[in-house]
Each structure stands twice: as structure tokens, then as C-alpha cells.
Amino acid sequence: MYKDYRSGRAAGLNPLSFDPSSNNEPLQFSNSNVPLVSDCPLENGAEKSIKRKRPSLPPEGIRNMSMDSNPMPMPMSDPNAWATAMNNLGMAPMNMTGQPLMSDFDSGLGMMTGMNPMMPGLGYVPPPPLPHDLPIVKEIIHYQSCTLFPPNPNLPFPAMRERPPGCKTVFVGGLPENATEALIVEVFGQLGEIIAIRKSKKNFCHIRFAEEFTVDRALFLSGYRMRLGSSTDKKDTGRLHVDFAQARDDLYEWECRQRLYAREERHRRRMEEDRFRPPSPPPIVHYSDHECSLLGDKIKDEAAFAAAVHVLLTWVERGEVNRRNANNFYSMIQSSNSHIRQLMSQKAAHEKELEVAKDKFKTALSGILAQ
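Residues numbered from 1 in each chain as written. Predicted model: local features only at pLDDT ≥ 70, side-chain atom pairs only at ≥ 80, totals over all residues. Heavy atoms only, no water.

An account of the sheet that holds strand β4 (residues 146-149) is requested, with residue identities and associated values reported.
With respect to topology, four strands assemble into an open sheet ordered β3-β4-β8-β9, the strand pairing being antiparallel. The open sheet has two edge strands with one neighbour each: β3 (141-142) and β9 (237-239). Across three bridges, the pairing between strand β8 (residues 225-228) and β9 is antiparallel. Pairing of arginine 227 across the sheet is with threonine 237, part of β9. (Pairing = 2+ DSSP bridges. Helix = DSSP H or I, 4+ residues; strand = E, 2+ residues; numbered from the N terminus.)

So, the packing of helix α7 (residues 289-300) against helix α8 (residues 305-318): which residues are in play, and what are the values?
The interhelical angle for the contact between α7 and α8, taken along N-to-C directions, is 140 degrees, at an axis separation of 8 Å. Between α7 and α8, the crossing angle belongs to the class labelled oblique. Helix-helix and strand crossings are classified by hand; for α7 and α8 the assignment is left-handed. Across the interface between the two elements, Glu291, Cys292, Leu295, Lys298 and Ile299 of α7 pack against Phe305, Ala308, Val311, Leu312 and Trp315 of α8. A class-by-class count of the residues in the contact of α7 with α8 yields eight nonpolar, no polar and two charged. (Axes fitted to C-alpha atoms, helices over the stretch in contact; angles between N-to-C directions. Parallel < 35°, antiparallel > 145°, perpendicular 65-115°, else oblique. Left-handed = near helix turned anticlockwise from the far one by under 90°. Contact = heavy atoms within 4.5 Å. Nonpolar A, V, L, I, M, F, W, Y, C, P; charged D, E, K, R; others polar.)

Provide a residue-level description of a positive patch on the surface, including the pertinent values.
On the surface, Arg259, Arg263, Arg266 and Arg270 cluster together into a patch of positive charge. Mapped onto the secondary structure, arginine 259 falls in helix α6 (residues 248-276). (Patch = residues over 30% accessible without salt bridge, like charges linked within 9 Å, V, L, I, M, F, W, Y side chains within 5 Å. Areas by Shrake-Rupley, 256 points an atom, 1.4 Å probe, with all protein chains shown as cover. Salt bridge = Lys/Arg side-chain N within 4 Å of Asp/Glu carboxyl O. Lys, Arg positive; Asp, Glu negative; His and termini not counted. Charge placed at Lys NZ, Arg CZ, Asp CG, Glu CD.)

Outline helix α9 (residues 326-370), supporting the account with residue identities and numerical values.
An ideal rise of 1.5 Å per residue puts 66 Å on 45 residues; α9 measures up with 66 Å between its terminal C-alpha atoms. Of the positions making up α9, those classed as buried are Phe329, Met332, Ser336 and His339. Structurally, α9 contributes buried residues whose contacts are with α7 and α8. (Expected span 1.5 Å × (residues − 1). Buried < 20%, exposed > 50% of the residue type's maximum accessible area, 1.4 Å probe, protein only.)

Could you give me a rundown of the side chain of lysine 168, with the residues and numbers involved?
On the secondary structure map, lysine 168 appears in the loop between β4 and β5 (169-173). By relative accessible area, which is 11% here, lysine 168 ends up buried. Once residues lying within four places of it in the same chain are set aside, the contact partners of lysine 168 are Ile207, Arg208, Phe209, Ala210, Glu211, Glu212, Val215, Asp250, Glu253 and Arg257.

Shown next as C-alpha cells:
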């Protein structure tokens, strides 16, 4: 039932004069006129009229296959180029026999697995920045009770007053005559929290918001034409004009915030100065009988005499001397005076010894110079 085509294939194909598995020469295509495809009839007798094409390559054609007599730029015998090409595709580089060419291959480094736009060679160009003078496109805004139509973009922007410090209040003019406070809340309440609305009998009002940035949102509606419902009556239409308004409450809150910032800055600066200021000396205690007896002992001590005299002078300058403790102060002053006299006598003795030493030095030096 099944036929063995091995003999037919062996007879139909030309034998090869080399081993393809051990061929390392570059592949080339020949432009010779040798036919690469031959007609071979099928073995089935019922379909003898149908012919199939079987490739038959001559031995010299396989060895020297060239396209316009130019060899391929990447020969199969170069493992480095082959490994680089497979690495860029995110595949593990392997040779023709299936052995890996790179032991430390990382598939996450391939060019096909996660492209980096800033990778050299891809030529990524960032989009150009938008111009600053690009006009803002305003659209129609629909509300439940009215509709706002945008102004003509070719018209100049209306003149506005200078923004007051801490401004939270806006002036809204050009309201329709039939506009109500509920309508104003519906239109401007979506921009931010409203604290108060002061509506005039004429076609304007003042709106005070809770935050300053809401004023910038309200200014965006300046120039819009408001129409109540679908009415075309003149009393139901108007062109809005939104501008800054100066309110005493806004100025007072701004001044309070500025004073708060100034207090915080002074406190921070004082903390910085206290941190870098050297430590203060310990405070001097006030006079008492116990402190007086301790101070008398310190005056007699040569190591603590300077600090004790400083405390005694501080007590005298404070006016802590009275008739009851005058004897104690007198005794401490006498002790200090006697100690100072003793120091003066020691100083005189040392100065005399210094003069004698100088005379000896001069005599010895003159003798050395004479010799």
C-alpha cells in the first residue's frame, strides 16, 4: 500500500561531492544558465499528465552560488557576527550544531524585547514644544438654566485692573436682567466654593470665593455671552465681564497671613541664632549666709579666687549690702585685699629674681664674647 520513495529520490537528485554539515564556506548563487528545476513525472499512472517540479542542484552550483557575483556580507563561519544578530533579536546565540555561543546571555538586553527610545541608532526625535502664544480655544458651556457662548477669538482681550493682594473677590458685569442669585451660584459655584454673593439691582454682582486660585477660573468666563434657556429676549441675554475686585476682607486676611509669615520667619531666625550662639555663663546666685560662708572659703583658695571676686563684685553692684550683712562683706573684702597684697609681694619677688637672672646672663654673655 505504501511505496518506498527512497530509491526514487536517490535516483532523481544529483549526488553531492561534499558534506553539507562540515561546509563553512560562504553561500553563493551562480548566475549560470544551468536549470535549477527539472521536470519529474509522478509515479502514479492515473496522473501521468500532471508533472511536479523537483529541485536539482548541480554540485558546482551549491559550492559557488552567487547573486551578481557578490558574496553575502555575513559569512556563517564568523561566530561573533552571528551571535550579535541573534542577540539583537532577543534569541540565545547558537551555532549550526546547536551549541550556545554566549554563556552569559541575557534575553532582556535584546533590541526586540523592550526598546529604549533613547537607544543610539533609533533616531528618536522629541516632539517640538508648543508655542506660548497659542490661543486658547473656548467652547460652548451648557448649564441647566442657561448656556454660555464663547467670544470671538479674533477680538482683543478686554482690559483688566491690577490684581489686588490676596484677591478672592471678582466683579461680574453684563449679567442678563432676569438673572437671579441661584443662576449665579449655578454658573460660578462649579468653579469653587463661594463664600458670599452681593448682587446689585443693575446687571452686575460681586462674588467672594474661598480660595484665591478660583478667581483665575472665574476670569476664564470673561467675554462669554449668556443666554437664559432658549429665549432670545434682550432681558435674557448678556455678555459677561469678569474682573478683579478689591475687598477689605481679602486685604485683611492677606495682611494677617503676611504677619503670620513674618512671625514664623522671626521665630525661625531666632532659633538659628540661638543654635549658633555660644552657651551663656551660669547665673550668679543671690546673697545668703550660706553662700557668704562658701564664698569666704573660695576667696582664700588661689584656684577659685578669680571667680569668687567676680561673685563678690556682682553682689555689691546688685545692692545686696545692708546694715545686717555689712560685717560679712567687710571681712570678705579684707580677705580679698590681703590676698591681693600677697600676690603683689610675690610679683615683686619674681621681678627681683628676674633682674638678678638678667644680670647673670649679661655677665656670662660678656665673658663668652670676650673670650
